[in-house]
Amino acid sequence: MKLSKLPTELTDFKPEVGLILGSGLGFFADDQIEVVGHLTYAEIEGFPVSTVPGHAGQFVWGHLEGRRVLCMQGRFHFYEGYRMEQLTLPIRMMQKLGVQVLFLTNAAGGINPCYVSGDFMLIEDHINFLGTNPLIGTVVDVGARFPDMTEVYDKALRQKIREWAQRQSMRLQEGNYLATTGPSFETPAEIRAFATLGADAVGMSTVPEAIVARQLGLRVIGISCITNAAAGISSGPLSHEEVTETADSVRQEFTALLTAAIALS
Ligand code: HPA
């Protein structure tokens, strides 16, 4: 899959900051960005279309804290049946448009026993448990064939974000995100296994995008909203409704954190 031509609205806008809003977090674009334009994914030639409820499936771009931001309201997931190459296409497009720093957000289940629903976790590192890699088979025109992944999530920017949160007395966790394919939630035995592997949170996204972004040399920040305790840690069954409800309940704090993170980048 190739992007034959970049949308001219976007090449004219010249975004500097990329932002992907995860499950239940799409409100950020409507609430915070001084919107210049919208484009649904369906309007872009060669682009896949998102199918999950709560994922609007469009680019929104505009100004935030003096920065030119290109935002994906809704992302593509492996469990929707897209190939890795398809679901990371937006990252390649962002890089071609001039984006230099990428903010990846997601909803995740908390594995670390100290985490509670509604916490935010700055992703310190990830574990790719997807069983595949988004760089398999790609022809490298930019970046390395064997890119280094020692520091996927920008250390200096993470420190600034942590310091900001401390000044605000905001609870901000930092930990390892493990990506599974989904779409079924995990079993309690899987969650116990992931805990022994060093995972603090589990989700179904972010890792493919982060790998491609690093291969292309973008700075990356990942922020998880812990929407539920992971299977077996939680008292009852898990549901997508719980995920979106929790994300919605921390709307203000999430907005403040992400706005500050973008301003600090
Ligand atoms: N598991 C996987 N993905 C998730 C979860 C979870 O518990 N919560 C939100 N996304």
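This text follows the structure it describes.
Residues numbered from 1 in each chain as written. Predicted model: local features only at pLDDT ≥ 70, side-chain atom pairs only at ≥ 80, totals over all residues. Heavy atoms only, no water.

J.: Explain the overall build of the protein to me, please; I cannot follow it from the model alone.
T.: From N to C terminus, the protein includes 9 helices and 9 strands. Here the C-alpha radius of gyration of the protein, 17 Å, is about what a compact globule of 265 residues would show, namely 18 Å. By principal-axis analysis of the C-alpha atoms, the protein measures approximately 50 × 40 × 35 Å. Considering the protein as a whole, with its 265 residues, one finds that 55% of them fall into the buried category. Considering only intrachain contacts with a sequence separation of at least 6, the fraction spanning at least 24 residues in the protein is 82%. For the protein, the computed accessible surface area is about 11300 Å², with 50% contributed by carbon and sulfur atoms. Of note, the protein has its 20 positive side-chain charges centred 8 Å away from the centre of its 29 negative side-chain charges. (Helix = DSSP H or I, 4+ residues; strand = E, 2+ residues; numbered from the N terminus. Rg over C-alpha atoms; globule rule 2.2 N^0.38 Å. Buried < 20%, exposed > 50% of the residue type's maximum accessible area, 1.4 Å probe, protein only. Contact = heavy atoms within 4.5 Å. Areas by Shrake-Rupley, 256 points an atom, 1.4 Å probe, with all protein chains shown as cover. Lys, Arg positive; Asp, Glu negative; His and termini not counted. Charge placed at Lys NZ, Arg CZ, Asp CG, Glu CD.)

J.: I'm lost on helix α4 (residues 89-97) in this one. Help?
T.: Along an α-helix, residues three or four apart share an orientation, since each turn contains 3.6 residues. Burial analysis of α4 places 7 of its 9 residues in the buried class, the great majority of the element. Of the positions making up α4, those classed as buried are Leu 89, Pro 90, Ile 91, Arg 92, Met 93, Met 94 and Leu 97. In the segment just after α4, Gly 98 is the residue with positive phi, at about 110°.

J.: Can you walk me through the site of the ligand in this structure?
T.: Taken together, Ala 107, Ala 108, Gly 109, Phe 185, Glu 186, Val 202, Gly 203, Met 204, Thr 227, Asn 228, Leu 238 and Val 243 make up all the residues around the ligand. Between a nitrogen atom of the ligand and a main-chain N or O atom of Ala 107, the distance comes to 3.3 Å. Counting only elements with at least two residues in the shell around the ligand, the list comes to β5 (101-110), β8 (201-203) and β9 (219-229). At 3 residues, β5 tops the list of elements feeding residues into the shell around the ligand. Here the shell around the ligand is built from residues that sort into 7 nonpolar, 4 polar and 1 charged. (Near = heavy atom within 4 Å. Polar contact = N/O pair within 3.5 Å; in protein donor to acceptor, adjacent residues only side chain to side chain. Nonpolar A, V, L, I, M, F, W, Y, C, P; charged D, E, K, R; others polar.)

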